[in-house]
Amino acid sequence: MAEKERWITLKSGKKVQLDENGVIIAGFPGFMGKHISKIGEKEKSVLQPYEQPRKKFESYLQENNGDREKAAKQFFDENLRDKFISTTIDGKNSDIHFTGTSWQKSKMNIKNHPIKANFLEDIPEVLQHYKISGDPDYTRDDFSKFHYFEHVIEKEIKGRKVKARVKVDVGTRKNSENENEVYHYKATEITQDTKKLVQALEGNYALNGTPSRFSQPAHDKNICPQYEIVNIEIDILEDEPMNKKTVIFDSKSKRSFDINGFMHVELSNLTKESVDPYYGYEIVNSEALGFEPEKIYFGYRKGSELEKAAQSFNGLSLMREHHFDSAEKPQREHRVGSVGTNCVYNAPYLQASLTITDGEAIRKIESGERVELCNAPY
């Protein structure tokens, strides 16, 4: 039995309407008059609407013997890849696509801090918390019309409450900017003449006038703006044992600003003699030492050793999170400043001057927020 008319979203992001026989009757002009089976494999693949996963991330973690990156990959492939999530942007119903590139953005976040993998399942919820539109913080020549989503998620992981701020940036590919307009052209009659006209239009998205075989109805409620995920950032706000060794506190009396707007802190505590918890995966050479990745170990940071190592902190980068920073693999996008060249151990603290060059970090410090930064390399 023939199906009713329906709209579908192709893997390329194009939306088309099919008649009861599977012929494209509305949407992208280059496809009108064609049967869906005649569309190329890359285009023909249909995006599916996102559905609530049948199992939680913890189940994927168990299936992958605690390997968070593998568990995250499996979760993404089964629940997010080639799916689209409907949300609201600037008051309009919009679709956001998950692609292979979306996974690469997620993987980059997880690699430097595996516990972030637990928050991958929360991204659909984050995409219901619209924040703002604007230009990206980084140059992207292939995307435009950026929009930002942000939400703070708190959950229990391994018996401990962990809080993270999840940020998702979405954008429209520049080579598809005209597609939302041409979606509104509809074939009024599928004839040989129409098919010839369609073939002449293929590759030319900007139509000059309305062809005789096409009508341009009012905006169809079924046609939503199409966006792709461009960037994903997951910032752990609590439960950061490895960051506790580099928490930065300072007082306003020790701050000054230079002509560039950079903040200079005369003296700040970098770390101190203490006993702190670390996951096995956070410890260098953990596998060789026989440490379990998800088990917590307590390490003693001895004052006398900090005193010996004081000079090795001179000039190091300050980072938002732990990233191994080197001349061969610079982590420019994570740097927010640097340590001075006057590191000294004043029991129980290791202290030094700081220069903060990141505007967001400066604003947080000035507003009285507790700011945690890390030294690198570590």
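What you are looking at is a predicted structure, and each value in this text was computed from that prediction instead of being measured.

Averaged over all residues, the pLDDT of the protein chain equals 75, while 71% of them reach at least 70. Mean pLDDT values over the elements of the protein chain span from 48, in strand E11 (residues 214-215), up to 92, in helix H5 (residues 123-126). Scored below 50 in pLDDT, residues 200-219 makes 43 contacts in the model with residues more than four places away or belonging to other chains. The model gives residues 239-247 a pLDDT under 50, and that stretch makes 34 contacts with residues more than four places away or in other chains.

With that settled, consider the environment of Leu47. Residue placement: Leu47 occurs in the loop between helix H1 (41-44) and strand E4 (48-49). When its relative accessible area of 4% is taken as the criterion, Leu47 is described as buried. Separated by 50 residues in sequence, Leu47 and His97 have C-alpha atoms that sit 8.2 Å apart.

To continue, consider helix H10 (residues 359-366). Since the α-helix advances by 3.6 residues per turn, residues separated by three or four positions end up pointing in the same direction. Ala361, Ile362 and Ile365 are the residues of H10 that are buried. In a view along the axis of H10, the buried residues occupy a sector of 100°, so they form one face of it. Where H10 is buried, its residues contact strand E13 (255-257), strand E14 (263-272) and strand E20 (349-356). The N-terminus of H10 is capped by Asp358, whose side-chain oxygen sits 3.3 Å from the backbone nitrogen of Glu360. Directly beyond the C-terminal end of H10, a positive phi value near 95° is found at Gly368.

For the rest of this paragraph, the subject is the side chain of Lys83. Secondary-structure assignment places Lys83 in strand E5 (residues 83-89). Of the side chains with opposite charge, Asp82 lies nearest to the buried Lys83, which makes no salt bridge, at 7.5 Å. Apart from the residues within four sequence positions on either side, Lys83 is in contact with Leu47, Gln48, Pro49, Tyr50, Glu78, Ile96, His97 and Phe98.

Counting residues in hydrophobic clusters, the biggest one holds 36 residues, and the most contacted among them are Phe119, Leu127, Val168 and Val170. Mapped by element, the contributors of at least two residues to this core are helix H2 (57-63), helix H3 (68-79), E5, helix H4 (100-112), H5, strand E8 (143-157), strand E9 (160-173) and strand E12 (226-236). Each residue touching Val168, except ones within four places of it in the same chain, is listed here: Ile123, Val126, Leu127, His147, Tyr148, Phe149, Ile229, Asn231 and Ile232. Val265, Leu306, Ala352 and Ile362 belong to the second-largest nonpolar core, a separate cluster that totals 20 residues.

Between two aromatic rings, the relevant description is the distance of the centres plus the angle of the planes. With the rule as written, the count across this model stands at 5 aromatic pairs. Residues Tyr60 and Phe75 carry aromatic rings whose centres are separated by 5.5 Å and whose planes lie at 85° to one another, so their mutual orientation is edge-to-face. Of this pair, Tyr60 sits in helix H2 while Phe75 sits in helix H3, and the two are 15 residues apart along the sequence. Here Tyr60 matches Phe75 in class, with each residue buried. Joined through ring pairs, the aromatic side chains of Phe57, Tyr60 and Phe75 make up one cluster.

Here is what the cut-offs are and how they apply
Residues numbered from 1 in each chain as written. Predicted model: local features only at pLDDT ≥ 70, side-chain atom pairs only at ≥ 80, totals over all residues. Heavy atoms only, no water. pLDDT = per-residue confidence, 0-100. Helix = DSSP H or I, 4+ residues; strand = E, 2+ residues; numbered from the N terminus. Contact = heavy atoms within 4.5 Å. Buried < 20%, exposed > 50% of the residue type's maximum accessible area, 1.4 Å probe, protein only. Arc of directions from axis to C-beta. Polar contact = N/O pair within 3.5 Å; in protein donor to acceptor, adjacent residues only side chain to side chain. Lys, Arg positive; Asp, Glu negative; His and termini not counted. Salt bridge = Lys/Arg side-chain N within 4 Å of Asp/Glu carboxyl O. Core = buried A, V, L, I, M, F, W, Y, C linked by side-chain atoms within 4.5 Å. Phe/Tyr/Trp six-rings, centres within 6.5 Å; stacked < 30°, edge-to-face > 60°.

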